[in-house]
Structures are given as structure tokens and as C-alpha cells.
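# Coordinate analysis (summary)
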Amino acid sequence: MISKIQQTVTKERFLPQLNISGAFPHSPTISLEATKLVAELLEKDANEHHIIFDDRGFHNHLTHMLLADYSLGASEKRLREIYKQEEQMQRPKPLKHKDFKWTEHLGDSKYYTDYLDFMLEEVEELGPVGAIEKYAFEEKNNMIARLLGGVYHPMIHIGYGLEFGIDGMVAEGLATMCIHNDLNKGLIPQEIQLAKDSSTSALDLAKTMVEDKRFDSIKSAGPFKFMAFYKQPELVLEYVSKWSLSPDKEELLKKVRELMILGVAAYAGPQSPNKEPLLDFFLMHVLTSTLFLPVFVQQLSPELGMSFLRGKLAMDLAHFAGRNRPPLYLDRFTSWTTKYTKSWSEIFELAVNHDDEHFPKVIRALKQAEIWDPEETLGKGVYRAIASMTVETL
């Protein structure tokens, strides 16, 4: 017997909109037919697949790749190819449980379907932003920690929902948030002493961290060093406290730009001279998650926007420290502008046809950074050059 809410998981809930303020500037070649196809494929994925595809807790990226390539102008044929490629590794949605209560099964992926149906109802009743503000910032159960955990994937999924005005994806992202743990809650305190000096940028903090030997003594007992900062967050929080925030929306959007610049530097800066470029999984996500910061900040209340950006910076710095604070060879970027010379249109075409689901996400994040940083802080033409380097060498 299909539940009433499951019956309403229709393509209307998954129909992309292309006019959302703050969103990536989508390809002008997108057709109505491609939009309808994407809605059908998103609906099919929502009805059939788990958000987690293996026992390691890795995330279903089918919808992410589909929407990223759709945004860049992928053909209907390519969109179908992406779905066929990605659906092969997915797991079916788990069965629902009786007597489900949303606060009692947090962190348990077996309850994903329960959480999804619950969040679909909440998004319908409260609206997508209302549901995000109610659940992603609920303090008792450390929900912002869950939102930013899992290498940002709950946040990224909700971000796609906000970017394309897709209520169903916002609900999926909130459900994904609920099945993540809150081990990183120490990095997301309710209050941080904010600095009065507004001149220290997010990139300045990362540069200083590179030279801070105090981080060397922090060891991780687990497979990922960044998790050591879950139990020993003090050093990271010391740096976060030096980053000033204001409830003024325009000031918050300036901080969005800072996090985008940090993301680009963390992604491309560690590429060592005289070595082949190597994409770091964790630092790549520091970058790709920045794509959605404008739509979050523009739609959240200023107070919650401050909490969100503060938590994002804390997780960015924890991931950077967890990769042993690699040197940032930022002075190399300008030389790349003559070494890697593909145009944005060429880069988009290569990204759309690449089989790695992260490629179009990286490229869109780099283009978004260029748009939001018109002064090109890291060097004129650098964002395009890094994108060209990505598609040419990785």
C-alpha cells in the first residue's frame, strides 16, 4: 500500500526553476523538454533510491550530477546517460517503520524513508525555507552539525533544492541531515566570541594555520584526521573567533565571497610545483559546497545566516587542518592563465561529458566564484585557469 505522501512525490515537486536569485547562471540553451526530463528523473530517483549507496555511508550523487550537467546545458541524451550510469550503484529505499518519531532515530540511515516522508510534509506545510529554518537550526539535537557533517552532503543536497526551487530536494536534504551523526557538534557551538576586526579574511586564517605548529600535535585515532578536531575543536574555534560577522545581509554576502575564495585556494593551492595536479576529495568539497552559499544566505534570516556561515567556516578549517594544512602555492595561479587556456564554453562542454560526478560541480563552483569575486582576488583569469587545469589534467 503506497502512503498518501508517497503518492504525491510527483514531478511537480521536482520541476527545476531557472530564475532563483543568487543561483548559478544556468545555460541559456536549456530546453523545456530537458527540464521536464530532469523532473521525471529526479522523481524516479526519489521514489526508488536510498540517499546512501554503500555500507561506508557514501552518498547518492545521481541528482547532483544530473542537475549540475543540466545547468551547464547537457542534452537530453546526456541526461539519460547520466541517470543510467549512476543508478547502477544505488540502493533501494529502505522500508518505513511504525511509530516513527523524528527525534528518536537521528543518525540512523535505516530510517531515511521515514524522514523523507516526514520532511516532504513539513516542506509542504512550512515552505522550503521555513522547514530549513525550523529543522536545520534546531539546537537540542545539534542539527546544524548534522547539516554540515558528512563532508557537507546534506547542505549540498538542500542547496540544490534552493538553487533550482525544488521542494522535493529540500526535503531529501533535510532527511539526509537527519540520518547523519553529530560527532562534529564541538565545532559548531551555539555561541562564539566574534572578533571586532573585520579585516581578517577566511583565506588569511587558512594561511596563518599553515604555519601554526600547534596543530601538529593533534592526532586522529580514526581514518580521517579532520575527525580529531571533533573532540579537540579548541584550535579551530580560536581561528573561527577571529572572523567577524554582521547580521547585515550585504555584509553576509561579502563573507560568502570570502568562503568562495577560501574554497578555491584550498582546492587548487596545494597543487605542488613540479608535480602532476591531484584532486583532494575533502578539500574539493570545501569548494563545491560554496556554490550554494548565496542562495542560503539570501533566503535565511540574517541571524541564521550568521550561524550557518560560522559553522561552514569551522568545518572548512577543520577539513583544511585535517589534510595537514598543506602549503598554498597561490603565486602559481597567475602562471596557469597562460598554461591552461580553454574558454569557459570549452570547459563546460568537457565537464558535461566527464564521467566523474564531481567534475561539473567543481566547474560550476569555480565559475560561481568568478561571478561573486569580480575583482578576482586570486589573480585575473585565475578561476577560469583553474577550471581549465581541472578538465585538462584530472
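Quick note: structure is the one above.
Here's what I pulled together on the structure shown here. (Residues numbered from 1 in each chain as written. Predicted model: local features only at pLDDT ≥ 70, side-chain atom pairs only at ≥ 80, totals over all residues. Heavy atoms only, no water.)

Next up on the list: the packing of helix α10 (residues 202-210) against helix α16 (residues 302-322). Helices that pack against each other are described as a pair by the angle of their axes relative to one another and the distance between those axes. Packing of α10 against α16 brings their axes to within 11 Å, and their N-to-C directions diverge by 30°. The orientation of α10 relative to α16 falls into the category roughly parallel. Judged by the twist between their axes, the crossing of α10 over α16 is right-handed. Along the contact surface, α10 presents A202, L205, A206, M209 and V210, while α16 presents L313, L317, F320 and A321. (Axes fitted to C-alpha atoms, helices over the stretch in contact; angles between N-to-C directions. Helix = DSSP H or I, 4+ residues; strand = E, 2+ residues; numbered from the N terminus. Parallel < 35°, antiparallel > 145°, perpendicular 65-115°, else oblique. Left-handed = near helix turned anticlockwise from the far one by under 90°. Contact = heavy atoms within 4.5 Å.)

For the coordinates displayed, the defined rule picks out 18 aromatic pairs. Judged by centre distance (5.4 Å) and plane angle (90°), the ring pair of F281 and F282 falls under edge-to-face. Using a relative accessible area of 35% as the deciding quantity, one classes F281 as partly exposed. Among the aromatic residues, those joined into a ring-pair cluster are F100, W102, Y111, Y115, F118 and Y135. The ring centre of Y239 lies 4.7 Å from the NZ or CZ of K242, which sits over that ring. Here K312 stacks its cationic end above the ring of Y152, 4.7 Å away from the centre of that ring. (Phe/Tyr/Trp six-rings, centres within 6.5 Å; stacked < 30°, edge-to-face > 60°. Buried < 20%, exposed > 50% of the residue type's maximum accessible area, 1.4 Å probe, protein only. Lys NZ or Arg CZ within 6 Å of the ring centre and 35° of its normal.)

Below, the discussion takes up the nonpolar core. By size, the foremost hydrophobic cluster in this structure holds 139 residues, and its most contacted members are L174, F308, L317 and I386. Among the elements that line this core, the one with the most residues is helix α13 (residues 249-268), at 12 residues. Not counting the four nearest positions on each side in its chain, L317 is found in contact with L205, A206, M209, V236, Y239, V240 and L262. (Core = buried A, V, L, I, M, F, W, Y, C linked by side-chain atoms within 4.5 Å.)

Examined against the element boundaries, H59 turns out to sit in the loop between α2 (32-48) and α3 (62-71). Under the relative-accessibility criterion, H59 is labelled buried at 9%. For the pair formed by H59 and P154, sequence separation is 95 residues and the distance between their alpha carbons is 9.4 Å. Apart from residues lying up to four places away in sequence, H59 is in contact with I51, I52, F53, G150, H153, T176 and H180. Among the polar contacts listed, one links the side chain of H59 to the side chain of H153, at a separation of 3.5 Å. (Polar contact = N/O pair within 3.5 Å; in protein donor to acceptor, adjacent residues only side chain to side chain.)

Nothing here speaks to function; it is all geometry.
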